[in-house]
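Fold and geometry: a report
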Amino acid sequence: DGGITQSPKYLFRKEGQNVTLSCEQNLNHDAMYWYRQDPGQGLRLIYYSQIVNDFQKGDIAEGYSVSREKKESFPLTVTSAQKNPTAFYLCASSMAGLYGYTFGSGTRLTVV
Amino acid sequence: GIQVEQSPPDLILQEGANSTLRCNFSDSVNNLQWFHQNPWGQLINLFYIPSGTKQNGRLSATTVATERYSLLYISSSQTTDSGVYFCAPETSGSRLTFGEGTQLTVNP
(Lines give C-alpha, C1' and ligand atoms only; values in the text may rest on other atoms or scores of the structure.)
Protein backbone atom coordinates (compact mmCIF):
# COMPACT_ATOMS: atom_id res chain seq x y z
CA ASP A 1 0.00 0.00 0.00
CA GLY A 2 1.27 3.45 -0.89
CA GLY A 3 1.47 6.05 1.82
CA ILE A 4 3.53 8.21 4.14
CA THR A 5 5.22 6.83 7.23
CA GLN A 6 6.24 9.08 10.10
CA SER A 7 8.31 7.86 13.01
CA PRO A 8 8.34 7.80 15.90
CA LYS A 9 4.72 8.42 16.94
CA TYR A 10 5.83 9.89 20.27
CA LEU A 11 9.15 11.57 21.05
CA PHE A 12 10.50 13.13 24.21
CA ARG A 13 13.31 15.67 24.07
CA LYS A 14 15.46 17.05 26.81
CA GLU A 15 16.32 20.73 26.92
CA GLY A 16 19.26 21.52 24.62
CA GLN A 17 18.94 18.35 22.56
CA ASN A 18 18.50 18.06 18.80
CA VAL A 19 16.02 15.45 17.60
CA THR A 20 15.19 14.18 14.12
CA LEU A 21 11.72 13.20 12.93
CA SER A 22 11.50 10.75 10.07
CA CYS A 23 9.16 11.01 7.06
CA GLU A 24 9.19 8.46 4.23
CA GLN A 25 6.77 8.18 1.28
CA ASN A 26 6.36 5.55 -1.43
CA LEU A 27 3.83 7.46 -3.51
CA ASN A 28 6.42 8.75 -5.99
CA HIS A 29 5.38 12.30 -5.12
CA ASP A 30 7.76 15.10 -6.03
CA ALA A 31 6.84 17.54 -3.25
CA MET A 32 7.07 17.03 0.51
CA TYR A 33 6.13 19.28 3.41
CA TRP A 34 6.47 19.62 7.19
CA TYR A 35 3.75 21.27 9.26
CA ARG A 36 3.46 22.02 12.95
CA GLN A 37 0.15 21.94 14.85
CA ASP A 38 -0.36 23.38 18.33
CA PRO A 39 -3.44 22.42 20.43
CA GLY A 40 -6.67 23.88 19.08
CA GLN A 41 -5.00 25.51 16.12
CA GLY A 42 -4.50 25.00 12.41
CA LEU A 43 -1.32 23.76 10.75
CA ARG A 44 1.64 26.03 10.05
CA LEU A 45 4.25 25.35 7.36
CA ILE A 46 7.83 24.77 8.54
CA TYR A 47 9.70 23.69 5.38
CA TYR A 48 8.82 22.28 1.99
CA SER A 49 10.67 20.67 -0.89
CA GLN A 50 9.49 20.42 -4.49
CA ILE A 51 12.47 18.45 -5.79
CA VAL A 52 15.41 16.42 -4.50
CA ASN A 53 18.32 18.48 -3.10
CA ASP A 54 16.19 21.62 -2.89
CA PHE A 55 13.95 22.98 -0.13
CA GLN A 56 12.43 26.28 0.99
CA LYS A 57 11.57 27.83 4.32
CA GLY A 58 7.95 28.07 5.29
CA ASP A 59 6.35 30.45 7.74
CA ILE A 60 7.99 29.17 10.94
CA ALA A 61 11.39 27.73 9.90
CA GLU A 62 13.46 29.19 12.75
CA GLY A 63 14.94 26.44 14.95
CA TYR A 64 14.32 23.69 12.38
CA SER A 65 16.39 22.14 9.60
CA VAL A 66 15.65 19.64 6.81
CA SER A 67 17.36 17.67 4.05
CA ARG A 68 16.07 16.08 0.84
CA GLU A 69 18.74 13.69 -0.41
CA LYS A 70 16.23 11.14 -1.73
CA LYS A 71 12.82 11.59 -3.32
CA GLU A 72 11.27 9.27 -0.74
CA SER A 73 12.65 10.90 2.40
CA PHE A 74 12.33 14.33 4.06
CA PRO A 75 13.62 14.25 7.67
CA LEU A 76 13.05 17.21 10.00
CA THR A 77 15.54 18.13 12.75
CA VAL A 78 14.26 20.13 15.68
CA THR A 79 17.30 21.96 17.02
CA SER A 80 18.01 23.37 20.47
CA ALA A 81 17.40 26.82 18.95
CA GLN A 82 13.65 26.05 18.76
CA LYS A 83 12.48 27.48 22.06
CA ASN A 84 9.01 25.94 22.16
CA PRO A 85 9.18 22.63 20.30
CA THR A 86 6.36 20.79 22.05
CA ALA A 87 3.78 20.22 19.30
CA PHE A 88 2.27 17.75 16.84
CA TYR A 89 4.36 17.47 13.65
CA LEU A 90 2.80 16.37 10.38
CA CYS A 91 4.54 15.44 7.14
CA ALA A 92 2.75 15.50 3.78
CA SER A 93 3.48 14.86 0.14
CA SER A 94 1.85 15.78 -3.15
CA MET A 95 2.19 15.55 -6.89
CA ALA A 96 1.78 19.18 -7.92
CA GLY A 97 -1.52 19.86 -9.58
CA LEU A 98 -2.99 16.45 -8.92
CA TYR A 99 -5.15 14.96 -6.19
CA GLY A 100 -4.02 17.10 -3.26
CA TYR A 101 -1.94 16.30 -0.23
CA THR A 102 -1.47 12.99 1.55
CA PHE A 103 -0.54 13.29 5.23
CA GLY A 104 1.34 10.97 7.54
CA SER A 105 -0.07 10.06 10.96
CA GLY A 106 2.16 12.56 12.78
CA THR A 107 4.76 12.69 15.56
CA ARG A 108 3.96 14.16 18.99
CA LEU A 109 7.07 15.83 20.38
CA THR A 110 7.28 16.76 24.06
CA VAL A 111 10.11 18.58 25.84
CA VAL A 112 10.84 17.15 29.26
CA GLY B 1 0.30 36.19 3.15
CA ILE B 2 -3.16 34.85 2.48
CA GLN B 3 -5.66 34.95 5.36
CA VAL B 4 -8.09 32.08 5.87
CA GLU B 5 -11.21 32.35 8.02
CA GLN B 6 -13.43 29.38 8.85
CA SER B 7 -16.88 29.47 10.40
CA PRO B 8 -18.38 28.44 12.67
CA PRO B 9 -15.47 27.59 15.00
CA ASP B 10 -17.57 25.00 16.83
CA LEU B 11 -20.66 23.07 15.77
CA ILE B 12 -22.72 20.52 17.71
CA LEU B 13 -25.29 18.40 15.84
CA GLN B 14 -27.62 15.53 16.49
CA GLU B 15 -27.06 12.49 14.34
CA GLY B 16 -28.97 12.84 11.06
CA ALA B 17 -28.76 16.63 10.86
CA ASN B 18 -27.28 18.56 7.94
CA SER B 19 -24.64 21.29 8.19
CA THR B 20 -22.69 23.83 6.15
CA LEU B 21 -19.13 24.90 6.94
CA ARG B 22 -17.72 28.04 5.38
CA CYS B 23 -14.19 29.10 4.39
CA ASN B 24 -13.31 32.64 3.31
CA PHE B 25 -9.89 33.50 1.94
CA SER B 26 -8.27 36.83 1.23
CA ASP B 27 -6.41 36.31 -2.05
CA SER B 28 -6.49 34.48 -5.36
CA VAL B 29 -5.59 30.81 -5.08
CA ASN B 30 -4.49 28.03 -7.41
CA ASN B 31 -6.56 25.42 -5.65
CA LEU B 32 -8.29 24.61 -2.38
CA GLN B 33 -8.46 21.49 -0.23
CA TRP B 34 -10.78 20.38 2.56
CA PHE B 35 -9.50 18.00 5.24
CA HIS B 36 -11.01 16.07 8.14
CA GLN B 37 -8.82 15.52 11.21
CA ASN B 38 -9.99 12.62 13.35
CA PRO B 39 -9.58 12.50 17.16
CA TRP B 40 -6.22 10.70 16.76
CA GLY B 41 -4.80 13.51 14.63
CA GLN B 42 -4.91 11.86 11.22
CA LEU B 43 -5.71 14.26 8.38
CA ILE B 44 -7.77 12.92 5.51
CA ASN B 45 -8.12 14.78 2.23
CA LEU B 46 -11.83 15.20 1.49
CA PHE B 47 -11.84 17.41 -1.58
CA TYR B 48 -9.38 19.01 -3.99
CA ILE B 49 -11.54 21.72 -5.49
CA PRO B 50 -10.29 24.89 -7.25
CA SER B 51 -13.78 25.85 -8.39
CA GLY B 52 -17.24 24.42 -8.93
CA THR B 53 -18.92 21.63 -6.98
CA LYS B 54 -17.86 18.09 -6.13
CA GLN B 55 -19.72 15.37 -4.27
CA ASN B 56 -18.53 12.30 -2.43
CA GLY B 57 -21.29 10.37 -0.73
CA ARG B 58 -22.88 12.47 2.02
CA LEU B 59 -20.30 15.22 1.60
CA SER B 60 -20.10 17.88 -1.07
CA ALA B 61 -18.03 21.01 -1.55
CA THR B 62 -18.42 24.17 -3.57
CA THR B 63 -15.71 26.74 -4.29
CA VAL B 64 -16.47 30.15 -5.79
CA ALA B 65 -12.94 31.35 -6.52
CA THR B 66 -14.02 34.74 -7.90
CA GLU B 67 -15.74 35.53 -4.59
CA ARG B 68 -13.02 33.88 -2.48
CA TYR B 69 -15.01 31.35 -0.50
CA SER B 70 -15.69 27.65 -0.27
CA LEU B 71 -18.46 25.67 1.43
CA LEU B 72 -18.47 22.12 2.77
CA TYR B 73 -21.86 20.42 3.13
CA ILE B 74 -22.40 17.42 5.38
CA SER B 75 -25.75 15.69 5.05
CA SER B 76 -27.30 13.10 7.37
CA SER B 77 -24.40 13.48 9.80
CA GLN B 78 -23.06 10.45 11.69
CA THR B 79 -21.03 10.24 14.91
CA THR B 80 -18.02 9.24 12.83
CA ASP B 81 -18.13 12.67 11.16
CA SER B 82 -16.93 14.22 14.43
CA GLY B 83 -13.53 15.91 14.38
CA VAL B 84 -12.00 19.07 12.99
CA TYR B 85 -12.59 20.22 9.43
CA PHE B 86 -9.88 22.35 7.82
CA CYS B 87 -9.97 24.45 4.71
CA ALA B 88 -6.57 25.04 3.03
CA PRO B 89 -6.17 27.26 -0.01
CA GLU B 90 -3.15 26.53 -2.19
CA THR B 91 -0.84 29.32 -3.32
CA SER B 92 2.52 29.38 -5.10
CA GLY B 93 4.78 26.33 -4.77
CA SER B 94 1.76 24.15 -3.95
CA ARG B 95 1.85 25.63 -0.45
CA LEU B 96 -1.27 25.20 1.67
CA THR B 97 -2.35 27.78 4.24
CA PHE B 98 -4.68 26.31 6.85
CA GLY B 99 -7.56 27.98 8.61
CA GLU B 100 -8.19 27.46 12.34
CA GLY B 101 -10.75 24.77 11.60
CA THR B 102 -14.33 23.95 12.57
CA GLN B 103 -14.68 21.54 15.50
CA LEU B 104 -17.70 19.32 14.73
CA THR B 105 -19.34 17.13 17.36
CA VAL B 106 -22.12 14.78 16.27
CA ASN B 107 -24.12 13.34 19.17
CA PRO B 108 -26.04 10.04 18.91
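Presented here is an overview of the structure given in this document. Keep in mind that what you see is a predicted model, and the values were worked out from it rather than measured.

According to the stated counting rule, one finds 12 aromatic pairs over all chains in the structure shown. Arranged with centres 6.4 Å apart and planes meeting at 55 degrees, the rings of Tyr35 of chain A and Tyr101 of chain A form a pair that is tilted. Residue Tyr35 of chain A is found in strand β4 (residues 31–37), and its partner Tyr101 of chain A is found in strand β10 (residues 98–103); the two are separated by 66 residues along the sequence. Taken individually, Tyr35 of chain A and Tyr101 of chain A each receive the classification buried, so the pair is uniform in this respect. Here the aromatic cluster, defined as three or more aromatic residues joined through ring pairs, consists of Tyr33, Tyr35, Tyr48, Tyr101 and Phe103 of chain A together with Phe35, Phe86 and Phe98 of chain B. One residue, Arg68 of chain A, lies across the ring of Phe74 of chain A, its end atom 6.0 Å from the ring centre.

Here the focus is the layout of surface pockets. In this structure, the largest pocket occupies an estimated 460 Å³ of space. Lining the largest pocket we find 24 residues, and of these Gln37, Pro39, Gly40 and Gln41 of chain A together with Gln37 of chain B sit closest to its centre. For the lining of the largest pocket, the secondary structure elements donating two or more residues are β9 (87–95) and β11 (107–111) of chain A together with β9 (83–91) and β11 (102–107) of chain B. Each residue belonging to the lining of the largest pocket can be placed in one class, and the counts come to eight nonpolar, 13 polar and three charged. Estimates place the volume of the second largest pocket at around 310 Å³.

For the rest of this paragraph, the subject is the sheet that holds strand β7 (residues 59–64) of chain B. The strands making up a sheet associate through hydrogen bonds between their backbones, and the pairing can be parallel or antiparallel. Residues and elements named next belong to chain B. Read from one edge of the open sheet, five strands run β1-β3-β8-β7-β6, paired in antiparallel fashion. The open sheet is flanked by β1 (4–7) and β6 (52–56), the only strands paired with a single partner. For this sheet the average axis-to-axis angle between neighbouring strands, irrespective of direction, equals 15 degrees. Pairing of strand β3 (residues 19–25) with strand β8 (residues 69–74) involves six bridges; the strand directions are antiparallel. In the strand pairing of β8, Leu21 is matched with Leu72.

This part is about the environment of Leu71 of chain B. Residues and elements named next belong to chain B. Relative to the assigned elements, Leu71 resides in strand β8. According to the relative accessible area criterion, Leu71 is buried, its value standing at 13%. Spatially, the C-alpha atom of Leu71 lies 22 Å from that of Asn107, the residues being 36 residues apart in sequence. Ignoring anything within four residues of it in the chain, the contact list for Leu71 reads Thr20, Leu21, Arg22, Trp34, Ser60, Ala61 and Thr62.

Criteria and thresholds
Residues numbered from 1 in each chain as written. Chains lettered and ligands numbered in written order. Predicted model: local features only at pLDDT ≥ 70, side-chain atom pairs only at ≥ 80, totals over all residues. Heavy atoms only, no water. Phe/Tyr/Trp six-rings, centres within 6.5 Å; stacked < 30°, edge-to-face > 60°. Helix = DSSP H or I, 4+ residues; strand = E, 2+ residues; numbered from the N terminus. Buried < 20%, exposed > 50% of the residue type's maximum accessible area, 1.4 Å probe, protein only. Lys NZ or Arg CZ within 6 Å of the ring centre and 35° of its normal. 1 Å grid on protein atoms, 1.4 Å probe; cavity = no way out; pocket = protein on both sides within 12 Å on 5 of 7 lines; lining within 4 Å. Points joined across faces, edges and corners; volume = space filled by probe spheres on them. Nonpolar A, V, L, I, M, F, W, Y, C, P; charged D, E, K, R; others polar. Pairing = 2+ DSSP bridges. Axes fitted to C-alpha atoms, helices over the stretch in contact; angles between N-to-C directions. Contact = heavy atoms within 4.5 Å.

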